[in-house]
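Breakdown of the fold
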Amino acid sequence: MKTPSLNNLDNLSPVARPVLPRTPIKRPSHRLEHVVKYHIHLWVKDERGRVIALRRLRGRSWTYNLYYFIRMFLQGKKLPNVYGTQYYVDLLDLLIDDTGTARGIRVCVPQGDTGYIGVNAPAGNDAYGIVVGISNAAFDPSQTDLISKISHGSETGQLLYGETTIEVPTSTTLRIIRTFSNASGAAIDIYELGLKARLFHRAGTVYYALFARDVLSSPISVPDGSTLTVRYIVSM
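Residues numbered from 1 in each chain as written. Predicted model: local features only at pLDDT ≥ 70, side-chain atom pairs only at ≥ 80, totals over all residues. Heavy atoms only, no water.

1. Digging into the overall build of the protein chain
- A count of helices and strands for the protein chain gives one helix and 14 strands.
- Across the 236 residues of the protein chain, 47% fall into the buried class.
- Within the protein chain, contacts between residues separated by at least 24 positions form 67% of all contacts whose residues are at least 6 apart in sequence.
- Accessible surface computed for the protein chain: about 11300 Å², of which carbon and sulfur atoms make up 52%. (Helix = DSSP H or I, 4+ residues; strand = E, 2+ residues; numbered from the N terminus. Buried < 20%, exposed > 50% of the residue type's maximum accessible area, 1.4 Å probe, protein only. Contact = heavy atoms within 4.5 Å. Areas by Shrake-Rupley, 256 points an atom, 1.4 Å probe, with all protein chains shown as cover.)

2. A word on the pairing of strand β10 (residues 165–170)
- Judged from the four bridges that link them, β10 and strand β11 (residues 173–181) form a sheet pairing that is antiparallel. Bridging from a neighbouring strand, T170 pairs with T173 of β11.
- Turn length for the β10-β11 hairpin, with the two strands adjacent in sequence and antiparallel, is two residues. (Pairing = 2+ DSSP bridges.)

3. Re the packing of aromatic side chains
- Tallied over the full model, the rule gives seven aromatic pairs.
- Centroid distance Y161 to F180: 4.8 Å. Interplanar angle 80 degrees. Geometry classified as edge-to-face. On the criterion of sequence distance, the pair formed by Y161 in strand β9 (residues 160–161) and F180 in strand β11 is long-range, its members being 19 residues apart. A single burial state applies to Y161 and to F180, both of which are buried.
- Grouped by ring-pair contacts, the aromatic residues Y38, W62 and Y232 constitute a single cluster. (Phe/Tyr/Trp six-rings, centres within 6.5 Å; stacked < 30°, edge-to-face > 60°.)

4. Structural notes on the pairing of strand β8 (residues 129–133)
- Summarising burial for β8: five of the five residues are buried, a large majority.
- Here β8 pairs with strand β12 (residues 188–200) via five bridges, running antiparallel. Counterpart to G129 in the pairing with β12 is K196.

Put into structure tokens, the structure is as follows:
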């Protein structure tokens with residue numbers, strides 16, 4: 001089968017007939033993927049910039065944090081609190097962070113606090129954004145982190161994490177992209193992919209929550225000197 005050009009990826013529609021070979025992923029035991037749909041594109045480039053591996057798969061592995069996130073904003077909690085001349089609301093403690101602690105979200109962060117909500121992690125930060133790991137343990141929607149996340153670095157078993165960027169090509173489509181570089185001296189096999197957000201709790205606490213974890217049934221290998229790019233396409 002002829003491998004399609006990487007240029008075709010930008011024109012793919014999540015509901016169109018796929019033109020790239022599918023990679024099976026372990027099917028979860030819940031149906032949260034019907035709330036918001038997403039697809040994942042992965043490609044590996046060698047040291048010369050040639051595409052040596054290319055995959056497209058449908059994501060099916062939202063964690064319960066997606067439901068909790070929606071519920072927090074629909075259910076609300078209480079009237080605004082006053083902080084100086086500003087107001088804020090602390091939403092329900094429903095999201096489960098990567099330490100297993102229930103957290104809320106502060107909306108309208110008071111002046112002087114350093115609150116931020118998002119997945120657009122800077123380069124070198126492996127705490128959130130798109131993250132990758134080496135475990136092929138089955139997905140469960142109650143999971144709060146990758147089972148065996150690869151850390152940022154150039155030592156054995158590590159990958160250099162690039163910036164997680166966001167594109168909004170249409171009013172109902174969101175693209176989240178990150179590139180990983182392998183300078184470890186050996187190939188690394190990727191089995192698990194995750195999407196984590198940086199969120200802001202009360203009392204100035206920053207925390208990280210896992211929203212999706214997909215497990216490949218066969219790994220995608222990233223040779224030494226190569227790069228792996230992961231792109232989530234989230235749509236309604």
